[in-house]
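# Close look at the chain arrangement
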Amino acid sequence: MNDNTNFLIEHNKRQSKDFLSPDQVQKREDYQRQHKTDVMITKCMDGRVNVPVITGIPMGVFAPYRSMGAVFDIGSPGFAPHVRGFYEHVRGRRIKEGEANGIVINTYHFSKGSRERGCKGFGFDTERACKCTKLLRGDFEEVYGKAHAHVYPVCVGVETDEDALVIHGEGKTLDVSEHLGYSEEDFRRELRLMFPDMKDVVLEDLLPLVVGNRAHVEKVKKEHKPIVELDHRESTIAVGRGFDWLHLVNHALIVGTFNVDWLHEVSVAAHIVHENLKREPELAAKGATLIASAPYRKPGVDAAVSRQKAMSMARAAWARVKKNEPGLLENFKLELLVGTLDRNTMLMDWIDVDPESFE
Ligand SMILES: [Zn+2]
């Protein structure tokens, strides 16, 4: 097993242990008791966009979805069930509990220090990335309703040099990095102006992301991240869902299966990893890993279906890397990890698979 694969397995164990620790369970429960709005986040495969890390919100609270450039096709067979599922979940809670809401956070990313540290998926064209995310937000409004009765979609930029959020509201944009002196009350007032039709209860659940981000940006500014750390350094290609535990900035490119041609995104991710390894001998020495994962909540059928899903994705992704990025396999030690994630424990159940058997 190469060092990278070994690290991933151990990291998952550590994260699961932390996730289940009394302190974390209490922190998560306290957060969720106070903030009941369900949050779905669409983001780029780029590992630098790590919303729980940059907002300080506990792991396992948000429902993350990743694709190349954060481009999502709501009508694609891979994404449509999730779009419907999120709404049905909120609606179900509404019927049961009387009041329930959802926020969809549609993100794009960019770097203020250098155009080339922006989104590779958009050829570093931030304007196009932002426009595309606004269109996606419009698509969500189209299906969830423009009155925002149950679910409110919001477009958010992530500036990856300082990890700052840029919230796009009605005719106004709020860049957290420019308001580090703001109090919670100041941010509340700003958000109220930016989202005049947002319910108070929803606004109160959007607020902790902004306030948490302000604290994180302050920390990042003090730390003075070296420039090399700001660029792509990923050596892991992660396919599927259930990567909350991965929780590391710049380590993995995560590809969901939320567009018709998701395998194309796998080849792009493989190409980026290949280039990273060629450029950095230190990364190359540790090797690279392709992970395929599917999460489940219940034992039995739910878990068994996830197992099949993970295997299918692994087979297809491995074949695509072999075909489109053969150098990654020939010149470096690329390994395959396939597993299912138990959502209740965040522990991966790894399946013993030999990619040679795929032929
Ligand atoms: Zn990107």
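The coordinates are above.
Worth saying up front: this structure is predicted, and the values here are computed from it rather than measured.

### Observations regarding the overall build of the protein
Across its full length, the protein carries 12 helices and 11 strands. Taken over the C-alpha trace, the protein has a radius of gyration of 20 Å; the compact-globule value for 359 residues is 21 Å, and the two agree within 12%. Oriented by its inertia axes, the alpha-carbon framework of the protein measures out at about 55 × 50 × 40 Å. Sequence-distant contacts in the protein: of pairs separated by 6 or more residues, those separated by 24 or more amount to 70%.

### Description of the environment of Leu263
With respect to the helices and strands, the residue Leu263 is situated in helix H9 (residues 262-279). The sequence separation of Leu263 and Trp318 amounts to 55 residues, and the corresponding C-alpha distance is 9.8 Å.

### Concerning the sheet that holds strand E3 (residues 102-110)
Hydrogen bonding along the main chain pairs the strands of a sheet, whether they run parallel or antiparallel. Reading across from one edge, E2-E1-E3-E4-E5-E6 is the order of the six strands in this open sheet, with mixed pairing throughout. Each edge of the open sheet is held by one strand with a lone partner, namely strand E2 (63-67) and strand E6 (172-175). Strand-to-strand twist of the sheet, defined as the mean angle between neighbouring strand axes without regard to direction, takes the value 25°. Sheet analysis places strand E1 (residues 38-44) next to E3, joined by five bridges and oriented parallel. By the bridge assignment, Thr42 is partnered in E3 with Asn106.

### Some points on the nonpolar core
Grouped together as the largest cluster of nonpolar side chains are 91 residues, with contacts concentrated most on Ile237, Leu253, Val255, Val266, Ala269 and Ala317. No other element matches the nine residues that H9 contributes to this core. A domain-level breakdown of this core finds at least three residues from each of domain 1 (36-227) and domain 2 (232-358). Setting aside chain neighbours within four positions, we find Ile237 in contact with Leu253, Val255, Val266, Ala269, Ala270, Val273 and Leu290.

Cut-off values and rules
- Residues numbered from 1 in each chain as written.
- Predicted model: local features only at pLDDT ≥ 70, side-chain atom pairs only at ≥ 80, totals over all residues.
- Helix = DSSP H or I, 4+ residues; strand = E, 2+ residues; numbered from the N terminus.
- Rg over C-alpha atoms; globule rule 2.2 N^0.38 Å.
- Contact = placed C-beta atoms within 7 Å.
- Pairing = 2+ DSSP bridges.
- Axes fitted to C-alpha atoms, helices over the stretch in contact; angles between N-to-C directions.
- Core = buried A, V, L, I, M, F, W, Y, C linked by C-beta atoms within 7 Å.
- Buried ≥ 20, exposed ≤ 12 C-beta atoms within 10 Å, placed from the backbone.
- Domains from an automatic or database assignment.

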